[in-house]
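Residue strings, one per chain:
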Amino acid sequence: MLRDSYFLPSPKHAVELRAFTHGLMPRTVPQMMHHFVEDWKSFGVDAWNHIPNHWKPESGEHVGWWTLPEYLGDHFIAPLIGAPKGTCILQPNVHWTVQCILSSRELLSGTRNKVILTDGEFPSVLHSVHQWADLLNIEVDCIPVTKGGIPREQIVSAIDHRTALVMLSHVGFTTGRKLPDSFIYEVGKKVHAHGGLLAIDGYHSIGASTATVQELDVDLYFGGLLKEGSGSSGNAFVYIKNGVDLTPRTTGWFGDASPFDFNTSPVPHPEVRARFKGGTSAIASLYHAVEGVRLLLSVGLRSVRQDSLSKTNYCIDRAQKAGIEIRSSLKEEERSAMFVMSLPQAHQLSAYLKSKHIYTDSRKGTLLRIAPFVWNTKDELEHTFHHIEEAVRKKLHLEMPPPITRGPVT
Ligand SMILES: Cc1ncc(COP(=O)(O)O)c(C=O)c1O
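Residues numbered from 1 in each chain as written. Predicted model: local features only at pLDDT ≥ 70, side-chain atom pairs only at ≥ 80, totals over all residues. Heavy atoms only, no water.

**As for the domain arrangement of the protein**
Reports of interface size often rely on the accessible area that becomes lost once the parts have come together. Taken as a whole, the protein is organised into domain 1 (2–19 + 300–399) and domain 2 (34–297). Distance between the C-alpha centres of domain 1 and domain 2: 30 Å. On the domain 2 side, the residues contacting the 26 residues of domain 1 number 24 residues. Summing the contributions of domain 1 and of domain 2, the shared interface buries around 2,200 Å²; its carbon and sulfur component is 55%. Counting across the domain 1 and domain 2 interface gives 1 salt bridge. The residue Glu334 makes a salt bridge to Arg152 at a minimum N-O spacing of 3.0 Å. Applying the counting criterion to the domain 1 and domain 2 interface returns 8 residue pairs in polar contact (both at pLDDT 80 or more). Elements with a minimum of two residues in the side of domain 1 that touches domain 2: helix 10 (301–321) and strand 13 (367–370). The greatest single-element share of the side of domain 1 that touches domain 2, amounting to 4 residues, is contributed by helix 10. The class makeup of the residues in the side of domain 1 that touches domain 2 is 13 nonpolar, 5 polar and 8 charged. (Domains from an automatic or database assignment. Contact = heavy atoms within 4.5 Å. Buried area = accessible area lost by both parts, 1.4 Å probe. Salt bridge = Lys/Arg side-chain N within 4 Å of Asp/Glu carboxyl O. Polar contact = N/O pair within 3.5 Å; in protein donor to acceptor, adjacent residues only side chain to side chain. Helix = DSSP H or I, 4+ residues; strand = E, 2+ residues; numbered from the N terminus. Nonpolar A, V, L, I, M, F, W, Y, C, P; charged D, E, K, R; others polar.)

Printed below as a string of structure tokens:
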């Protein structure tokens, strides 16, 4: 059972429902981190060229620190999102990837300078677009998200011959709503017909969606692994469709075609994905990057998705019976692993549940978010809803003092 492959939260009967913030640690991670220490100790500088292949020991394939971001891209990210080899690379975070995309020489040309997105994008995307618009001649078409979700028709009709890029979240980070595959495909078709690019931020769909980048026909797909993918910080990635030529102005010497020639001006790497490298790669984080992905691939994404849908269906049923307003979509094709309920005093409810060792999260004081994932059992969900219902019925959470947190995580 997959649950046994993760370190479960403490105390023993605690329920961790915050996969949308940071997934549980896979049990293989301590061993992988030990490998990092040993490789550094034993091989020193030579580890950049060659180390034992801890990721696929049976393969007989060569790995070294220098090319590990590409190697993990080919062997773990590509199968996760249905991409061909040579198109994916590990990234330090989404913010970096977005700087690479927006700074690319090929992105804007003449009157083609419009970037379309919504105001529901994560700040790594939204803020960056505004920052680059200050610097380059970018026209930002930022479409407001309404209570009913993202205005799909408005997005499609905004695309025209001036569109350089459309950037959308696969799953809204506050709503948990997933864009249907047919909509992404429709946007891509129109943007391609006009010569632009489609980039999708898949941070909240990674590991919990079966859609493949080739079926969706997107040009760029990026995200991080630290949520359902159970990686940690420093574990983001990008996919760049074959044939999409981008030369980020932010490329560093690690992404140069001949880094050790130390040329006086940069020479773009022949592989587009390698141009998404900056300065010296952070290596330690690559040792824990794909252990969670390995687990999900071992059971298959279809079964992960089926399990997630059956758990969110259960949540819908319980919430409806308790008269709780549901913010997630009831339609399966628009649902992610995140289940969002609208509840007054959600902060206090989340704090109350934490006092029972049920770990949820609240946003804006009115949204209670949970993500029942592969490590959760139906008994845990029953236990969670029992406490939510009891708290709401008896107003128990209103007696809680305001939650004390030492950081931004609720
Ligand atoms: C949709 C989305 N994109 C990106 C990020 C994180 O971006 P970064 O890697 O720049 O921290 C998050 C984090 O929760 C997110 O929800």
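**Focus: the pattern of salt bridges**
This model, assessed by the stated rule, comprises 23 salt bridges. Its salt-bridge partner being Arg162, residue Glu139 comes within 2.6 Å of it at the nearest N-O pair. Linking Glu139 in strand 4 (residues 139–143) with Arg162 in the loop between helix 5 (152–158) and strand 5 (163–169), this pair joins segments that are 23 residues apart in sequence. We classify Glu139 as partly exposed; its relative accessible area is 32%. A residue is classified by how much of its surface remains accessible, and Arg162, at 26% relative accessible area, is partly exposed. For the salt bridge of Glu382 with Arg318, the shortest nitrogen-to-oxygen distance reads 2.6 Å. Remark: Arg318 occurs in helix 10 and Glu382 occurs in helix 12 (residues 378–394); sequence separation between them is 64 residues. Judged by relative accessible area, Glu382 falls into the partly exposed class, the value being 36%. (Buried < 20%, exposed > 50% of the residue type's maximum accessible area, 1.4 Å probe, protein only.)

**Topic: helix 11 (residues 346–355)**
Among all positions of helix 11, only Ala346, Leu349, Ser350, Ala351, Tyr352 and Leu353 are buried. For helix 11, the elements touching its buried residues are strand 11 (358–359), strand 12 (361–363), strand 13 and helix 12. At the exit of helix 11 stands His357, carrying a positive phi of roughly 65°.

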